[in-house]
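Overview (structure and organization)
Here's the letter readout for the chains.
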Amino acid sequence: MTQAKPTIHIASCSFGKDSIATILAGLEHGDPIDRVVFAEVMFDNARGISGEIPEHIEWIYNTAIPKMREMGLTIDVVRSDMDYIDYFIQRRKSGKYAGKFGGFPLGGMCKINSACKVAPIHKYLKDYRATHDVIQYIGIAADEPKRLARLDGTTKISLLAKYNITESMAHDMCRDAGLLSPIYDTGTRGGCWFCPNQRIRTMAKFRTSHPELWDELRAFSRIPNLCSQNFKYDKTFAEIERMMDVASQPTLFDNYE
């Protein structure tokens, strides 16, 4: 008779409000949480430059992780060997773009997310599945029916839905626990700072706050022999910067998505 595998409960955590509220809800209601996994996307592994919003990643390492460890949680940080720069300078091996650099990731179908975030989490979970039955907690709020429909309810579970916790309630839970990321105070979009799916005005705000990082993207835009010069959908980096200049005028913010 084949011996049953032990069950391990793993919470996926981006350190946004919904994933942290998932953990808080689990602790409150006594749901088992054996490990917490955070996949950090990197812009440049060699220089230690994260792809996460600087204020967010600093808060994660200096505040959130220490506080959650004090709660008795085990936090695992996983990273891909591939970073943004690797993707950008990777030459295409075949097809009409053979020999060209990959260039900027395409908006709406970003390969950075799949290669640098999803892949290391899949590997992490696969390693545990070799010896365990894995139940994964996913931070999706009770008022997100379309996203909840993607969960199987058996191996991928939303504790927020289980306890009828909405996005607004998740925000308040994190705030009350002292575990609300500063991105919610500044109105900064979560996710990678180089993401082409950001709104123009968000990019303009980031350029002002972190010009040294924005300069990295500007330098990349000048590299020749790219698969595409487009930075955000059908707009080049230079075109986006001109739109950002206009969007920096507060009266015109809402005209740019």
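Above this note sits the structure.
An account of the accompanying structure is given in this report. (Residues numbered from 1 in each chain as written. Predicted model: local features only at pLDDT ≥ 70, side-chain atom pairs only at ≥ 80, totals over all residues. Heavy atoms only, no water.)

Let's talk about the overall build of the protein chain
Across its full length, the protein chain holds eleven helices and nine strands. Rg of the C-alpha trace for the protein chain: 20 Å, near the compact-globule value of 18 Å for 257 residues, within the 12% margin. In terms of its C-alpha atoms, the protein chain occupies a principal-axis envelope of roughly 60 × 50 × 35 Å. Each of the 257 residues in the protein chain was classed as buried or not, and the buried ones make up 44%. Within the protein chain, residue pairs in contact and separated by at least 24 positions form 65% of the contacts whose partners lie at least 6 positions apart. Accessible surface computed for the protein chain: about 13300 Å², of which carbon and sulfur atoms make up 52%. Here the protein chain contributes 33 positively and 32 negatively charged side chains, and the mean placements of these two sets differ by 7 Å. (Helix = DSSP H or I, 4+ residues; strand = E, 2+ residues; numbered from the N terminus. Rg over C-alpha atoms; globule rule 2.2 N^0.38 Å. Buried < 20%, exposed > 50% of the residue type's maximum accessible area, 1.4 Å probe, protein only. Contact = heavy atoms within 4.5 Å. Areas by Shrake-Rupley, 256 points an atom, 1.4 Å probe, with all protein chains shown as cover. Lys, Arg positive; Asp, Glu negative; His and termini not counted. Charge placed at Lys NZ, Arg CZ, Asp CG, Glu CD.)

Some words on the layout of surface pockets
In this model, the largest pocket occupies a volume close to 1400 Å³. Along the wall of the largest pocket there are 41 residues; nearest its centre are S14, N113, K117, G139 and R147. The set of elements that each furnish at least two residues to the lining of the largest pocket consists of α1 (17-29), β2 (35-39), α4 (111-129) and α8 (183-186). Sorting elements by how many residues they give to the lining of the largest pocket places α4 first, with eight residues. Here the lining of the largest pocket is built from residues that sort into 19 nonpolar, 13 polar and nine charged. Lining the second largest pocket are Y87, R92, Y97, G102, F104, P105, L106, M109, K111, C227 and S228. Tallied by class, residues from the lining of the second largest pocket come to seven nonpolar, two polar and two charged. (1 Å grid on protein atoms, 1.4 Å probe; cavity = no way out; pocket = protein on both sides within 12 Å on 5 of 7 lines; lining within 4 Å. Points joined across faces, edges and corners; volume = space filled by probe spheres on them. Nonpolar A, V, L, I, M, F, W, Y, C, P; charged D, E, K, R; others polar.)

Things to note about the packing of α1 against helix α7 (residues 167-176)
α7 packs onto α1 with a crossing angle of 70° between their chain directions and a minimal axis gap of 8 Å. By the angle between their axes, α1 is roughly perpendicular relative to α7. Here K17, D18, I20, A21, L24 and A25 of α1 come into contact with α7, specifically with E167, A170, H171, M173 and C174. (Axes fitted to C-alpha atoms, helices over the stretch in contact; angles between N-to-C directions. Parallel < 35°, antiparallel > 145°, perpendicular 65-115°, else oblique.)

Thoughts on the nonpolar core
F43, Y84, W193, F194, W214, L217 and F231 are the most contacted members of the largest nonpolar core, which has 31 residues in total. Looking at this core, the elements with two or more residues in it are α3 (84-89), α4, α9 (200-209), α10 (211-221) and α11 (237-247). Those residues in contact with W193 that lie beyond four places of it in its chain are F43, I49, S50, G51, E52, I53, Q198, F206, L213 and L217. (Core = buried A, V, L, I, M, F, W, Y, C linked by side-chain atoms within 4.5 Å.)

Section: the packing of aromatic side chains
To describe a pair of aromatic rings, one takes the distance between the centres and the angle between the planes. Overall, the coordinates contain 18 aromatic pairs when judged by the stated rule. Ring geometry for Y124 versus Y128: centroids 5.3 Å apart, planes at 65°, classification edge-to-face. Of the two residues, Y124 and Y128 both sit in helix α4, four residues apart, roughly one turn of that helix. A residue is classified by how much of its surface remains accessible, and Y124, at 10% relative accessible area, is buried. Grouped by ring-pair contacts, the aromatic residues F43, Y84, F88, F104, W193, F194, F206, W214, F220, F231 and F237 constitute a single cluster. (Phe/Tyr/Trp six-rings, centres within 6.5 Å; stacked < 30°, edge-to-face > 60°.)

Digging into the sheet that holds strand β6 (residues 133-137)
The strand order across the open sheet built from five strands is β5-β2-β1-β6-β7, with neighbouring strands paired in parallel fashion. Both edges of this open sheet fall to β5 (75-78) and β7 (156-157), since each of them pairs with a single strand only. Sheet analysis places β6 next to β7, joined by two bridges and oriented parallel. Bridging from a neighbouring strand, Y137 pairs with I157 of β7. Its contacts with the sheet place helix α2 (residues 54-70) against β2 and β5, and it is angled at close to 150° to β5. (Pairing = 2+ DSSP bridges.)

Note that all results are geometric; they support no functional claim without further evidence.
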